[in-house]
Amino acid sequence: MSTGLQTRPARQSSALVVLALAFACLVAGLCVVSFVGLGLDPQTQRLLEARQPPTPGHWLGTDLVGRDVLARVVHGASVTVIGPAAVALGAVAIAVPLALVAAERGGVVDAVVMRTSDTLLALPSILVIIVIAGLFGGGYWLAAAVLVFLIVPSGLRIARSVALGQKNLPYQEAARLIGASTPRRMFVHTLPNLLPTIVATLLLDFVAALVALSSLSFLGLGAPPGSTDWGTMLAENLRLIEQNPWACLAPAVMLVLTAYSATTIGDWLHLRLEGRRG
Amino acid sequence: MASGNGRPGADLLSVEGLRVTGHDGAALVDDVTFSIRPGETVALVGESGSGKSLTAKAIAGLLPRNLTASGSIRWRETEVVGARERVLRTLRGPQVSMLLQDPFTLLNPLTPVWRTLAETLPGRGAELRLLISERISDVGIEPARARDRYPWELSGGMRQRIGLAAALSQSPALLLADEPTTALDATTQRDVLRLIHRLQRGHGMAMLLITHDLRIATSMSDRVVVMAKGGIVESGDVDDLRSGGRQEYTRRLWAAQLPVDRRLADLRVEARLDGAGAAPVPDAATGGAGAGTTPILVVRELSKSFAARGHGEGVQALDRVGLELARGRSLGVIGESGSGKTTLARCILGLEQPTSGTVELTPGIARRQVQCVFQDPYSSLNPSHSIGFALAEAVRHRAGAPLSRREVAAEIAATLHSVGLDASFARRRPETLSGGQRQRVAIARALLLRPEILVCDEPVAALDLTVQSQVLQVLRDAQAGGLSMVFITHDMSVARQLTDEVIVLHKGRIVETGPTASVLDDPQHEYTARLLASVPSGDREWIAGPPLQRTGAMTDG
């Protein structure tokens, strides 16, 4: 007999989740600050003050051409985060309807969708973007657009398998017997049950896009030189590692912590949303 | 370790003031005290949530991590509560062994039968092989038929037998059997219980039998402990219990048992305790105005086969099945797992396309007027939507024309009321409802479509007995309102209460058909007779005696 007790998967330590949420709020705050400005001055070059370690005037020191590193890190938040966020939203917006249709239709439709996604999954994304950048002249947003399609498959696979699991449950068949249309069943009955998966996928896709786009920027193929993108900063300030290590450490640490917080928050949200269902 | 009762060593196992608490401190099992002497069978009876399984797990030292046991569980002279894993390991196997409910997850699917058994047996080589064969034939299986097979190649009954062979391999002094036959078919259940009984006598082994079925408890055991909501309601000699029990709760449990030999006037437990409901009524009492012989549904020569996956033969789920349902009548479809009864239901509902044959509805009846109540109450409702949302969807789809919110709400409230639920249930979410409540909501949803035919696929099989009778009464009330019904069940007693006519399905074929009363009182086919004989009677004779069959069927389950 079932005893009505479910052993939940081990909950993540709540302290970690709180830290991750706090850091996410910090990054969001930095984004706002970088839009509003607040007297930040990320671009002025002071050649006489270049390559300085932290001073009371420049808390994180200055870079090769004397720009304030702290101001650049703060300003870089929005530049670095918005691209991946857009990529993740775009990928999920494509993946979820495709997954619903593939699971519902099955057969040829499912095969075409899934084999295409397998093919995309097999491509090394950075390499593909480098090649396309070489052919079409590159640019940050072209790279982001290509990345959307390369990131779709992972979320698509997960969403499809969850949708397949729902497809033959009695409540779906009851909806069929009532006379509910196929789109209604897909979007009113199946979609809400995909929510935990969608949220988790969104954050995982965000992390994947963040890593990919900053890598491209690091290689000089994403954000233009001189941009405050954390990947670009990391690449440019690597030469300063002996005079002012903070200039490259700060953007690197921000990247790692942003990715880590997003993953942690994704796991936590997924568990919470799943737990709400009987 | 104080042994205050002054008779140390008399009891094999003594449980005193056992309390199991969750991480929030709530007691799931509270103040449970009983003891088992060597060779004795004690049954722990209760409905779901009574704490009977947790008690067994606490005895075996297998409680989930987030639960803690306190009080005392003494195994001869050893205290189990709070004992180290090392101490517990010396008890499990040679002293205490456990047989679990689900034969489908009991055995490791990657391990052939012989290796599962070898883990607990001494010796090696030819000697070990001999021992393994001996254990397999002990549980009534030809060794060659099972030894080299994997669990997924065996039927549920055979798996449970292998589980039993593994549990008994070290000749334990006590067997903890947790609902060992609940997941099995009725005929297999009786075979396996008889086997357990015989082996138990042979080994001189004591047993703690956990079951929800009072009749199984009384036919198997010497003493019975009745549990409810984590505590003991009463405990005593099996004869006390057979005569009805001393406590109100036990009497309710007895009253909830549905008889197979007569039809009751009112199925609700309260009505039956009064005596009024327990009065037998003529069998053809269902059907309101308009009940008659005009067929509303005709199934002709229906066959359905499923293609095999990978290599192996396909499955012929239905073989030229025909039936007629008259307006306002209720037709029972009786069969065990693998009989094709669910496939038949799905073909009637249009959820499955038959391979050949036809399902005809009387002209004028739309597909939407054939509705269904499914077996599993937990997946019958979409977890993402409120009860009100699900019911409103049904109303709106039936009405076609737009209805005002107030009209929809009024209709929902009226229908909820008719299935015995308060109108406030519309605001609740599925996960806050019990199994019985969910099943009533599912019935309400079907009724809101104003169906002509309601197909019920084992609607109460997943519910506790007392809840079963409430849900069945709701369905009976719907019948009285003139609804025609196809009622699928494996339970002969349920068929007796709900149907006018029955067909008996065995391996996709109809083996017997006729009015419910005459089929159940005087079965003509040998298979129907065997099904009837496998309904627990509560007597000792039901369990004593030789097994009905030597082996379980290979393909069933």
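Per-chain numbering applies: the sequence of each chain, read as written, is numbered from 1 onward. Chains and ligands are labelled sequentially in the order written, the chains with letters from A and the ligands with numbers from 1. Whole-chain, interface and lining totals are the exception, using all residues; otherwise, since this is a predicted model, local features are given only for residues with pLDDT of at least 70 and side-chain atom pairs are given and counted only at 80 or more. Derived side-chain values reflect all non-hydrogen atoms in the structure, with water molecules and hydrogen atoms excluded from consideration.

> Before we go on, may I ask you to explain the overall build of chain B in this structure?
Along the backbone of chain B there are 19 helices and 21 strands. Only protein chains enter the accessibility calculation, which uses a 1.4 Å probe. A residue is then buried if its area is under 20% of the maximum for its type, exposed if over 50%, and partly exposed in between. Within chain B, the fraction of its 557 residues that count as buried is 53%. Residue contacts are defined here by distance: any two heavy atoms, one from each residue, within 4.5 Å place the two residues in contact. Across chain B, the fraction of contacts at a sequence separation of at least 24, relative to all contacts at a separation of at least 6, is 68%. Accessibility throughout is a Shrake-Rupley quantity obtained with a 1.4 Å probe, and a residue counts as covered only by protein chains that appear here. Accessible surface, chain B as shown: approximately 23,200 Å² in total, 50% of it carbon and sulfur. Residues scored as charged are limited to Lys and Arg (positive) and Asp and Glu (negative), so that His and the chain ends carry no count. By convention, the charge on Lys lies at NZ, on Arg at CZ, on Asp at CG and on Glu at CD. Counting 64 positive and 62 negative side-chain charges, chain B places the averaged centre of each group 4 Å from the other. Numbering goes from the N terminus for both helices and strands, where a helix is a DSSP run of H or I of at least four residues and a strand is a run of E of at least two.

> Whenever I open this one, the UniProt feature "transmembrane region" (unreviewed entry) in chain A confuses me. Can you help?
Residue and element names in this part refer to chain A. UniProt positions are given in the numbering used here, feature names are shortened, and annotations may be inferred rather than shown by experiment. UniProt annotation of "transmembrane region" (unreviewed entry) refers to residues 15-38, 81-103, 123-152, 194-223 and 243-269 when read in the numbering used here. With 83% helix and 0% strand, residues 123-152 has end C-alpha atoms that lie 12 Å from one another. Spanning residues 194-223, this segment combines 80% helix with 0% strand, and its end C-alpha atoms are found 34 Å apart.

> Explain unusual backbone geometry to me, please; I cannot follow it from the model alone.
A positive phi angle, close to 55°, is found at Arg51 of chain A, a residue other than glycine. Within the secondary structure, Arg51 of chain A is located in the loop between helix 1 (14-36) and helix 2 (69-105). By relative accessible area, Arg51 of chain A is classed as partly exposed at 40%. The phi dihedral of Arg450 of chain B falls on the positive side, at around 45°, and the residue is not glycine. Topologically, Arg450 of chain B is positioned in the loop between helix 15 (435-448) and strand 18 (453-457).

> Which parts of the structure should I look at to understand the sheet that holds strand 21 (residues 509-515) of chain B?
Sheet strands pair via backbone hydrogen bonds, and the direction of the pair is either parallel or antiparallel. All names here are of chain B. Pairing is mixed across the open sheet formed by six strands, whose spatial order is 17-18-19-15-20-21. Only two strands of the sheet have a single partner each, and these edge strands are strand 17 (370-373) and strand 21. Each strand of the sheet is rotated relative to its neighbour by a mean of 15°, with strand direction disregarded. Two strands pair if DSSP finds at least two bridges between them. Of the pairings in the sheet, the one linking strand 15 (residues 330-334) to strand 19 (residues 484-489) comprises five bridges and is parallel in character. Note that in strand 19 the partner of Ile334 across the bridge is Thr489. Helix axes are fitted to C-alpha atoms over the stretch in contact, other axes to C-alpha atoms as well, and angles between N-to-C directions run from 0 to 180 degrees.

> I would appreciate a short explanation of the interface of chain A and chain B in the present structure.
Size of an interface, as often reported, equals the accessible area lost when the parts are brought together. Counting from both sides, the interface comprises 23 residues of chain A and, opposite them, 34 residues of chain B. Salt bridges are defined by distance alone: a side-chain nitrogen of Lys or Arg within 4 Å of a carboxyl oxygen of Asp or Glu. The tally of links from chain A across to chain B stands at two salt bridges. Its salt-bridge partner being Glu173 of chain A, residue Arg346 of chain B comes within 2.8 Å of it at the nearest N-O pair. Here a polar contact means two N or O atoms within 3.5 Å. Within protein one must be a hydrogen donor candidate and the other an acceptor candidate, and residues neighboring in sequence count only if both atoms are side-chain atoms. Joining chain A to chain B, the criterion identifies ten residue pairs in polar contact (both at pLDDT 80 or more). Contributions of two or more residues to the side of chain A that touches chain B are made by helix 6 (170-178) and helix 7 (182-190) of chain A. Here the side of chain A that touches chain B gets seven residues from one element, more than from any other, and that element is helix 6 of chain A. Across the side of chain A that touches chain B, the residue classes tally to eleven nonpolar, seven polar and five charged. Throughout, the ten residues Ala, Val, Leu, Ile, Met, Phe, Trp, Tyr, Cys and Pro are labelled nonpolar, Asp, Glu, Lys and Arg are labelled charged, and all others, Gly among them, are labelled polar.

> Sorry if this is basic, but what is going on with the UniProt feature "domain: ABC transmembrane type-1" (unreviewed entry) in chain A here?
UniProt marks residues 77-266 of chain A with the feature "domain: ABC transmembrane type-1" (unreviewed entry), using the numbering shown here. Across residues 77-266 of chain A, helical content stands at 82% and strand content at 0%; the span's end C-alpha atoms are separated by 20 Å.

> I keep staring at the environment of Ala392 of chain B and nothing clicks. Help me out?
Residues and elements named next belong to chain B. Tracing the sequence through the fold places Ala392 in helix 13 (residues 387-399). C-alpha separation for the pair Ala392 and Val502, spaced 110 residues apart in sequence, amounts to 34 Å. Setting aside its immediate chain neighbours within four residues, Ala392 contacts Val408 and Ile412.

> Help me understand the pattern of salt bridges, please; the structure alone is not making it clear to me.
A side chain of one charge can pair with a side chain of the opposite charge when the charged atoms of the two come close. Here the structure, examined in full by the defined rule, presents 34 salt bridges over all chains. Arg398 of chain B is the salt-bridge partner of Glu411 of chain B, the closest N and O atoms lying 2.5 Å from each other. With Glu411 of chain B in helix 14 (residues 405-418) and Arg398 of chain B in helix 13, this residue pair connects regions lying 13 residues apart in the sequence. By relative accessible area, which is 17% here, Glu411 of chain B ends up buried. In this structure, the salt-bridge partner of Glu431 of chain B is Arg429 of chain B, at a minimum N-O distance of 4.0 Å. Residue Glu431 of chain B is classed as partly exposed on the basis of its relative accessible area, which comes to 29%. Assessed through its relative accessible area of 33%, Arg429 of chain B is described here as partly exposed. Each of Asp63, Arg67, Arg72 and Glu236 of chain A takes part in one network of salt bridges that share partners.

> It is not clear to me how the packing of aromatic side chains should be interpreted in this structure. Could you clarify?
Stacked, tilted and edge-to-face pairs are distinguished by plane angle, under 30 degrees for stacked and over 60 for edge-to-face with tilted covering the rest, among Phe, Tyr and Trp rings (Trp via its six-membered ring) whose centres lie within 6.5 Å. Scanning all chains against the criterion turns up two aromatic pairs over all chains. Plain terms: the ring middles of Tyr140 of chain A and Trp141 of chain A are 5.3 Å apart, the flat faces sit at 85° to each other, and that makes the pair edge-to-face. Here Tyr140 of chain A falls in the buried class, since its relative accessible area comes to 10%. For the ring pair Tyr150 of chain B and Trp152 of chain B, a centre distance of 5.6 Å and an interplane angle of 10° mean the geometry is stacked.

> Where do I start with the side chain of Thr181 of chain B in this structure?
Residue and element names in this part refer to chain B. Structurally, Thr181 can be placed in the loop between strand 7 (174-178) and helix 7 (186-203). Residue classification places Thr181 among the buried residues on the basis of a relative accessible area of 4%. Setting aside residues no more than four positions away along its own chain, Thr181 makes contact with Gln189, Val192 and Leu193.

> Quick question: what am I supposed to make of the nonpolar core here?
For soluble globular proteins, nonpolar side chains are generally found buried alongside one another. Residues and elements named next belong to chain B. Of all hydrophobic cores here, the largest spans 39 residues; its most connected members are Leu391, Ile412, Leu454, Leu472, Leu475 and Phe487. When residues of this core are traced back to their parent elements, those giving at least two are helix 13, helix 14, helix 15, strand 18, helix 16 (465-480), strand 19 and helix 17 (492-498). Those residues within four positions of Leu472 in sequence are excluded, and the remaining contacts are Leu258, Leu267, Val460, Phe487, Val494 and Leu498. The set of buried Ala, Val, Leu, Ile, Met, Phe, Trp, Tyr and Cys residues whose side-chain atoms join them within 4.5 Å is what this entry labels a nonpolar core. Val113, Leu131, Leu154 and Leu195 belong to the second-largest nonpolar core, a separate cluster that totals 36 residues.

> What's the story with the side chain of Asp457 of chain B in this structure? I'm lost.
Residue and element names in this part refer to chain B. Note that Asp457 resides in strand 18. Of the side chains bearing the opposite charge, Lys341 lies closest to the buried Asp457, which forms no salt bridge; the N-O distance is 6.2 Å. In contact with Asp457, other than residues within four places in its own chain, are Thr342, Val373, Phe374, Gln375 and Ile488.

> Quick question: what am I supposed to make of the sheet that holds strand 9 (residues 223-228) of chain B here?
Residues and elements named next belong to chain B. Taken in spatial order, the six strands make up an open sheet running 6-7-8-3-9-10, and their pairing is mixed. With partners counted over all chains shown, the strands left at the sheet margins are strand 6 (96-99) and strand 10 (231-237), one partner each. The sheet shows a mean angle of 15° between the axes of neighbouring strands, taken without regard to direction. In this structure, strand 3 (residues 41-45) lies alongside strand 8 (residues 206-211), joined through five bridges in parallel fashion. Counted as the bridge partner of Val45 is Thr211 from strand 8. Along the sheet, helix 7 makes contact with strand 3, strand 6, strand 7 and strand 8, crossing strand 8 at roughly 160°. Here helix 10 (residues 248-256) sits on the sheet in contact with strand 3, strand 9 and strand 10, set at roughly 95° to strand 9.

> Whenever I open this one, a nonpolar patch on the surface confuses me. Can you help?
All names here are of chain A. Taken together, the side chains of Val32, Phe35, Val36, Leu38, Ile82 and Trp141 make up a nonpolar region of the molecular surface, amounting to roughly 680 Å² of accessible area. Ranked by residues supplied to the nonpolar patch, first place goes to helix 1 with three residues. Tracing the backbone shows Trp141 in helix 5 (residues 140-167). Nonpolar side chains (Val, Leu, Ile, Met, Phe, Trp, Tyr) are joined into patches within 5 Å and like charges within 9 Å, using only residues with over 30% relative accessible area and no salt bridge.

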